[in-house]
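What follows is each chain in one-letter form.
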Amino acid sequence: MALSTVSGKQISGKPVSGARPPRRVRRQLPTSPWLFAAPGLLITGVFILYPFVSTVINSFTDRRTLIPGQFVGLANFRELLHDDMFWIGLRNSTLYVLGVVPALVILPLLLALLVQKNIPGITFFRSAFYTPVVASIVVVGLIWVWLLDERGLINSLLEAVGIGRVGFLSDQWLLLLSAMAVTVWKGLGYYMIIYLAALANVPRELHEAASVDGAGAVRRFLTVTVPAVRSTMVLVGALSSVAAFKVFSEVYLMAGPSGGPAGEDTTLVMLVQRTGTGLTGRVGYASALSLVVFVVTVALMLLVLRADRREET
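A. View of the packing of helix H3 (residues 84-115) against helix H10 (residues 230-245). Relative orientation of the contacting elements H3 and H10 amounts to 150°, with a least axis distance of 8 Å. As H3 packs across H10, the resulting crossing turns out to be right-handed. Contacts between H3 and H10 pair Leu90, Ser93, Thr94, Tyr96, Val97, Val100, Val101, Leu104, Val105, Ile106 and Leu109 from the former with Met233, Val236, Gly237, Ser240, Ser241, Ala244 and Phe245 from the latter.

B. Focus on the environment of leucine 271. The residue leucine 271 is located in helix H12 (residues 268-276) in this model. Judged by its relative accessible area of 5%, leucine 271 is buried. C-alpha separation for the pair leucine 271 and leucine 289, spaced 18 residues apart in sequence, amounts to 8.1 Å. Filtering out sequence-adjacent residues up to four positions away, leucine 271 remains in contact with Met85, Phe86, Thr266 and Leu289.

C. Representation of the packing of aromatic side chains in the model. Considering all chains together, one arrives at 8 aromatic pairs under this definition. Judged by centre distance (5.7 Å) and plane angle (70°), the ring pair of tryptophan 144 and tryptophan 185 falls under edge-to-face. Here tryptophan 185 lies in helix H7 (residues 172-199) and tryptophan 144 lies in helix H5 (residues 137-148), a separation of 41 residues in the sequence. Residue classification places tryptophan 144 among the buried residues on the basis of a relative accessible area of 18%. The exposure class of tryptophan 185 is partly exposed, given its relative accessible area of 35%. Ring geometry for tyrosine 190 versus tyrosine 191: centroids 5.1 Å apart, planes at 80°, classification edge-to-face. One aromatic cluster in this structure is built from Phe124, Phe125 and Phe129. One Lys or Arg, arginine 282, reaches over the ring of tyrosine 285 and ends 4.6 Å from the middle of that ring.

D. Spatial organisation of the pattern of salt bridges. Scanning all chains against the criterion turns up 3 salt bridges. A salt bridge links arginine 282 to glutamate 79, with the shortest nitrogen-to-oxygen separation between them at 2.9 Å. Of this pair, arginine 282 sits in the loop between H12 and helix H13 (283-312) while glutamate 79 sits in helix H2 (residues 75-81); the two residues are 203 residues apart in sequence, bridging distant segments of the chain.

E. Spatial organisation of the nonpolar core. If you look at the biggest cluster of nonpolar residues, it comprises 57 residues, and the most contacted ones within it are Leu80, Tyr96 and Met254. Taken together, the elements giving at least two residues each to this core come down to H2, H3, H5, H7, H10, helix H11 (249-255), H12 and H13. Apart from the residues lying within four places of it in its own chain, the contact partners of methionine 254 are Trp144, Val145, Leu148, Leu169, Leu175, Ser178, Ala179 and Val182.

F. View of the environment of threonine 266. By secondary structure assignment, the location of threonine 266 is in the loop between H11 and H12. Judged by its relative accessible area of 0%, threonine 266 falls in the buried class. For threonine 266 and valine 251, which are 15 residues apart along the polypeptide, the C-alpha to C-alpha distance reads 7.7 Å. If sequence neighbours within four positions are ignored, threonine 266 has contacts with Met85, Ile88, Gly89, Asn92, Ser258, Gly259, Leu271 and Arg274. One polar contact links the side chain of threonine 266 to the main-chain carbonyl oxygen of glycine 263, over a distance of 2.9 Å. In this structure the side chain of threonine 266 is engaged in a polar contact, spanning 2.9 Å, whose partner is the side chain of arginine 274.

G. Geometry of the environment of leucine 279. Secondary-structure assignment places leucine 279 in the loop between H12 and H13. For leucine 279 and leucine 66, which are 213 residues apart along the polypeptide, the C-alpha to C-alpha distance reads 6.8 Å.

Conventions we followed
Residues numbered from 1 in each chain as written. Predicted model: local features only at pLDDT ≥ 70, side-chain atom pairs only at ≥ 80, totals over all residues. Heavy atoms only, no water. Axes fitted to C-alpha atoms, helices over the stretch in contact; angles between N-to-C directions. Helix = DSSP H or I, 4+ residues; strand = E, 2+ residues; numbered from the N terminus. Left-handed = near helix turned anticlockwise from the far one by under 90°. Contact = heavy atoms within 4.5 Å. Buried < 20%, exposed > 50% of the residue type's maximum accessible area, 1.4 Å probe, protein only. Phe/Tyr/Trp six-rings, centres within 6.5 Å; stacked < 30°, edge-to-face > 60°. Lys NZ or Arg CZ within 6 Å of the ring centre and 35° of its normal. Salt bridge = Lys/Arg side-chain N within 4 Å of Asp/Glu carboxyl O. Core = buried A, V, L, I, M, F, W, Y, C linked by side-chain atoms within 4.5 Å. Polar contact = N/O pair within 3.5 Å; in protein donor to acceptor, adjacent residues only side chain to side chain.

Rendered as structure tokens:
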């Protein structure tokens, strides 16, 4: 009779009382992975894919808020070309990108180099630099409006030293520059954290070797730090470009719903909000504006990535 060994004892081939039966392997159903992915796919479909498809369809109709639209083809896009407010919004959004992106690519990197050092009190400054990121944009906007108002703190100080009051919120270009400053101030801490993660992966041996060769701080920054974090700079440039082109809150809070003097500081997203909301909102025309914003933001990201590839080659 065949014998087997269990716990060092020989027993017969009969089942041992109290022994666990072998586990049966269950076959996985083909639909099992989809059951795990279903909640995420449902959320993506309801809150991302459906609104996007609906916006594309509405852009070819004359739909209003309470009136179902009819198909009008490219009429909304042809109207864009003759809409002065569209060109004003496109101009302001483009200027916003040109003014904000370079600052948000360079300044957070310099800030990250500063807070990376272990000096007394640096923890306080790290927290202080990151505080605007977690602060509500509404609160931040109101604070800056109070500071830059005609009777605000900054104008009071300027008048006290004899310079006179400056129309930060009443002049077309000063208002746009003020909104850019708020965007840069609020985004410094966020991109600083991204750069800190990239700087942590830069080998110290590179800086030590450059120091041995006689390179100063500026030369080490240009020849060691910048090449090491170049991919992160591209990422920051792409993220800040998209965010700057879609700016809404800062300009809306500082310029008001009208978009500043005569609406000259209106951005594209502000124009979408103004056109497509309300009981008489032109949903079809606002959808066409939204589609233009989407195309431009995708084009901005592609341009940044293409420029990065050219530098690599």
